[in-house]
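The lines below spell out each chain.
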Amino acid sequence: MRTATIKRKTKETDIELILNLDGTGKREIATGVGFFDHMLTAFTFHSGLDLTVSCKGDLEVDDHHTVEDIGLALGQALKEALGDKMGINRYGTSYVPMDEALVRAVIDFSGRPAFVYNVTLNREKLGTLDTQNVQEFFKSVSNEAKMNLHLEVLYGDNDHHKVEALFKALGRAVKEAAKQVSDQLPSTKGAL
């Protein structure tokens, strides 16, 4: 089983995250940030993995620590669940439209973190989620999963549509990249 359980407790957050790469999209998500729960639900559904996230964060301050730390935990869980990466597809690409918005996500489980975020958002908040923290979440996932993550909004007007398409596109790209397709390591170097 390609699974991981991450427990992260700091003075700012107390997180338990359980991930199963070979799941069916089951999810139990409770972050205290409604719009973020909605986005993690979209990510989970479109990735096909199973995800449980429980977080008690210092939301009386703001949502930054909660969102960033869940990104760190999710990245760690992806890295752990992928293990030695033997036989995975490694690369994943997804284009997701949501109404007038079109988003592209491209990933490589290369073992080297690189993050490109070509996204412009106009609203300060979506629900209680500070839109600045969307970038922080994705950067944290990329860094801890040791993956290349390129996210771009090709066009769109509605920030809700753009952000939701980003989470869905990442989910679909993860599904493609984590899929086991052979018994070989997907690298000419012999290591990832």
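Residues numbered from 1 in each chain as written. Predicted model: local features only at pLDDT ≥ 70, side-chain atom pairs only at ≥ 80, totals over all residues. Heavy atoms only, no water.

Remarks on the overall build of the protein chain
Test applied: Secondary structure elements are defined from DSSP: runs of H or I of at least 4 residues count as helices, runs of E of at least 2 residues count as strands, and each element is numbered from the N terminus. Using a 1.4 Å probe on the protein chains alone, a residue whose accessible area is under 20% of its type maximum counts as buried, one over 50% counts as exposed, and one in between counts as partly exposed.
Across its full length, the protein chain carries four helices and 10 strands. Starting at the N terminus, the α and β elements of the protein chain follow one another as β-β-β-α-β-α-β-β-β-β-β-α-β-α. Its C-alpha atoms put the protein chain at 45 × 40 × 30 Å along the principal axes. By the burial criterion, 51% of the 192 residues in the protein chain qualify as buried.

As for the pattern of salt bridges
Operational definition: The term salt bridge refers to a pairing of a side-chain nitrogen on Lys or Arg with a carboxyl oxygen on Asp or Glu at a separation within 4 Å.
Under the definition given, this model contains eight salt bridges. The salt bridge involving Arg-90 is made with Asp-108; its shortest N-O contact spans 2.6 Å. Taken as a pair, Arg-90 in the loop between α2 (64-82) and β5 (91-98) and Asp-108 in strand β6 (residues 101-108) lie far apart in primary sequence, 18 residues in all. Asp-108 carries the same exposure label as Arg-90, and that label is buried. The shortest N-O distance in the salt bridge between Glu-136 and Lys-139 comes to 3.5 Å. In this pair, Glu-136 and Lys-139 are both assigned in helix α3 (residues 132-145), three residues apart and thus about one turn of the helix distant. Take Glu-136: its relative accessible area is 18%, and that puts it in the buried class. According to the relative accessible area criterion, Lys-139 is partly exposed, its value standing at 32%.

Observations concerning the packing of α3 against helix α4 (residues 159-178)
Where we set the bar: An axis is simply a line fitted to the C-alpha atoms; with a helix, the fit covers only the stretch in contact. Between two such axes, the angle follows the N-to-C directions and lies from 0 to 180 degrees. An angle below 35 degrees is treated as roughly parallel, one above 145 as roughly antiparallel, one from 65 to 115 as roughly perpendicular, and anything else as oblique. Between two residues, a contact is recorded if the distance between any of their heavy atoms is within 4.5 Å. Basically, the charged four are Asp, Glu, Lys and Arg, the nonpolar ten are Ala, Val, Leu, Ile, Met, Phe, Trp, Tyr, Cys and Pro, and anything else, Gly included, counts as polar.
Remark: α3 packs on α4, axes separated minimally by 11 Å, with the N-to-C direction vectors making an angle of 10°. Taken together, the axes of α3 and α4 are roughly parallel relative to one another. Contact residues: Val-134, Phe-137 and Phe-138 in α3; Val-163, Leu-166, Phe-167 and Leu-170 in α4. For the contact of α3 with α4, a count of residues per class yields seven nonpolar, no polar and no charged.

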